[in-house]
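# Topology and contacts: notes
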Amino acid sequence: MRQIVLDTETTGIEVRDGHRLIEIGGVEVINRRLTGRHYHQYVNPERPIDPEAIEVHGITDARVANEPLFADIAHEFWAFVQGAELVIHNAPFDVGFIDHEFAMVNRARGNDALGPLASKCSILDTLKMARDRHPGQRNSLDALCKRYDIDNGHRELHGALLDSEILADVYLAMTGGQTALTLGAERDTDSNNSGHTGFSIRRLAADRAPLRVITASDEEVQAHQQKLAKLREKGICLWDKLGG
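The rules behind the values
- Residues numbered from 1 in each chain as written.
- Predicted model: local features only at pLDDT ≥ 70, side-chain atom pairs only at ≥ 80, totals over all residues.
- Heavy atoms only, no water.
- Helix = DSSP H or I, 4+ residues; strand = E, 2+ residues; numbered from the N terminus.
- Buried < 20%, exposed > 50% of the residue type's maximum accessible area, 1.4 Å probe, protein only.
- Contact = heavy atoms within 4.5 Å.
- Areas by Shrake-Rupley, 256 points an atom, 1.4 Å probe, with all protein chains shown as cover.
- Phe/Tyr/Trp six-rings, centres within 6.5 Å; stacked < 30°, edge-to-face > 60°.
- Core = buried A, V, L, I, M, F, W, Y, C linked by side-chain atoms within 4.5 Å.
- pLDDT = per-residue confidence, 0-100.
- UniProt positions renumbered as here; feature names shortened; annotations may be inferred.
- Axes fitted to C-alpha atoms, helices over the stretch in contact; angles between N-to-C directions.
- Parallel < 35°, antiparallel > 145°, perpendicular 65-115°, else oblique.
- Left-handed = near helix turned anticlockwise from the far one by under 90°.
- Nonpolar A, V, L, I, M, F, W, Y, C, P; charged D, E, K, R; others polar.
- Salt bridge = Lys/Arg side-chain N within 4 Å of Asp/Glu carboxyl O.
- 1 Å grid on protein atoms, 1.4 Å probe; cavity = no way out; pocket = protein on both sides within 12 Å on 5 of 7 lines; lining within 4 Å.
- Points joined across faces, edges and corners; volume = space filled by probe spheres on them.

## Digging into the overall build of the protein
Summing up its helical and strand segments, the protein has nine helices and seven strands in all. Split into buried and exposed, the 244 residues of the protein put 40% on the buried side. In the protein, once contacts between residues fewer than 6 apart in sequence are set aside, the share between residues at least 24 apart is 66%. Total accessible area computed for the protein in this model is approximately 14000 Å², and 52% of it derives from carbon and sulfur atoms.

## Points about the packing of aromatic side chains
The final tally for this structure, using the stated rule, is six aromatic pairs. Centroid distance Tyr39 to Phe77: 5.4 Å. Interplanar angle 50 degrees. Geometry classified as tilted. Within this pair, whereas Tyr39 is found in strand β3 (residues 33–42), its partner Phe77 is found in helix α3 (residues 70–81), the two being separated by 38 residues in sequence. Of the two residues, Tyr39 and Phe77, both sit in the buried class. Taking the centre distance of 5.3 Å and the plane angle of 70 degrees together, the rings of Phe70 and Phe102 count as edge-to-face. With Phe70 in helix α3 and Phe102 in helix α4 (residues 91–109), the pair connects residues that are 32 residues apart, well separated along the chain. With relative accessibility at 1%, the residue Phe70 sits in the buried group. Cluster of aromatic residues (ring-pair linked, three or more members): Tyr39, Phe70, Phe77, Trp78, Phe80 and Phe102.

## Some words on the nonpolar core
Counting residues in each nonpolar core, the largest one holds 25 residues, and the members touching the most others are Phe70, Phe77, Leu86 and Phe102. Among the elements of the structure, β1 (2–10), β2 (21–30), α3, β4 (85–88) and α4 are those that each provide at least two residues to this core. When residues in this core are grouped by element, the largest group, seven residues, is from α3. Once you skip the residues sitting within four places of it in the chain, Leu86 turns out to touch Ile4, Leu6, Val81, Leu117, Cys121, Ser122, Ile123 and Leu124. Within the second largest apolar cluster, 22 residues are counted, among which are Val5, Val29, Leu141 and Tyr171.

## Examining the confidence of the model for the protein
Overall, the predicted model of the protein reaches an average pLDDT of 85, with 80% of residues at or above 70. Counting contacts from residues 178–201, a segment whose pLDDT is below 50, to residues more than four positions away or on other chains yields 40 contacts.

## Overview of the UniProt feature "active site" (unreviewed entry) in the protein
As annotated by UniProt and renumbered to match this structure, "active site" (unreviewed entry) occupies His158. With respect to the secondary-structure elements, His158 resides in the loop between α6 (141–147) and α7 (160–174). Once residues within four sequence positions are removed from consideration, His158 is found in contact with Glu9, Val56, His57 and Asp163.

## Considerations on the packing of α3 against α4
Axis separation between α3 and α4 bottoms out at 10 Å; the angle between their running directions is 115 degrees. Here α4 runs roughly perpendicular to α3, going by the angle between their axes. At the point where α3 passes α4, the crossing takes the left-handed sense. Contacts from Phe70, Ala71, Ala74, His75, Phe77 and Trp78 of α3 reach α4 at Ile98, Glu101, Phe102, Val105 and Arg109. Per-class residue counts for the contact of α3 with α4 are eight nonpolar, one polar and two charged.

## Regarding the pattern of salt bridges
Between side chains of opposite charge, pairing is possible as soon as their charged atoms come close. With the rule as written, the count across this model stands at eight salt bridges. A salt bridge links Arg2 to Glu28, with the nearest nitrogen and oxygen atoms 2.7 Å apart. Placement of Arg2 in strand β1 and of Glu28 in strand β2 is noted, with a sequence separation of 26 residues between them. With a relative accessible area of 6%, Glu28 lands in the buried category. With a closest N to O distance of 3.2 Å, Asp132 and Lys128 form a salt bridge. Of this pair, Asp132 and Lys128 are both found in helix α5 (residues 126–133), four residues apart, which corresponds to roughly one turn of the helix.

## So, the layout of surface pockets
Of the volumes computed, that of the largest pocket is approximately 590 Å³. Residue lining of the largest pocket: 25 residues in total, with Asp7, Glu9, Val56, Phe93 and His158 positioned closest to the centre. Grouping the amino acids of the lining of the largest pocket by side-chain chemistry returns seven nonpolar, nine polar and nine charged.

Put into structure tokens, the structure is as follows:
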């Protein structure tokens, strides 16, 4: 399965107030492995960024003044996400902004070739998933990092690519791992921990060498069978009950 863990930053909160995208970031995951392929682009929103938004992501008008318009990168971005499952935290927000940008491009060009996202992608909302799994608890990305022991100490401000990388780690931890477990961390006794054991999550490199598979020698197999035969004589061979 191909997934794109995606995040955006915007000039403000509401599309209906004329706010626009200013940054898109996404990382590719295939069969629960980070591939190292990503998409990252700043965008000129053609309007001022709200001061409250700058306090969150730190992106100023000057920073994006010379960046391309969304119309200039729309086809490249569309090609990157088509056919993937999009993993997004609070998906309605990001999807709403992206689809609005696609719609404006289509109107300007007199076609409907781009978007909406749901026409070519499935969408998974990790905020909804987290609320279902941890009802009544805080489920922001920062709260989930703490709950699943994801290191986000390098995150002082929001950023689309950084947040998508962190969300990828959180999503994989929430859905069963695909990260390294480092033993020895102290158990978190916080009542909000929901039984998590305090293992640390460490991302594995996509280009790491495959694990070596060691099989038993003929002598080891023979010794194993002899041991099983003795256990059968005593009527206590649990191996047979397990289908071994």
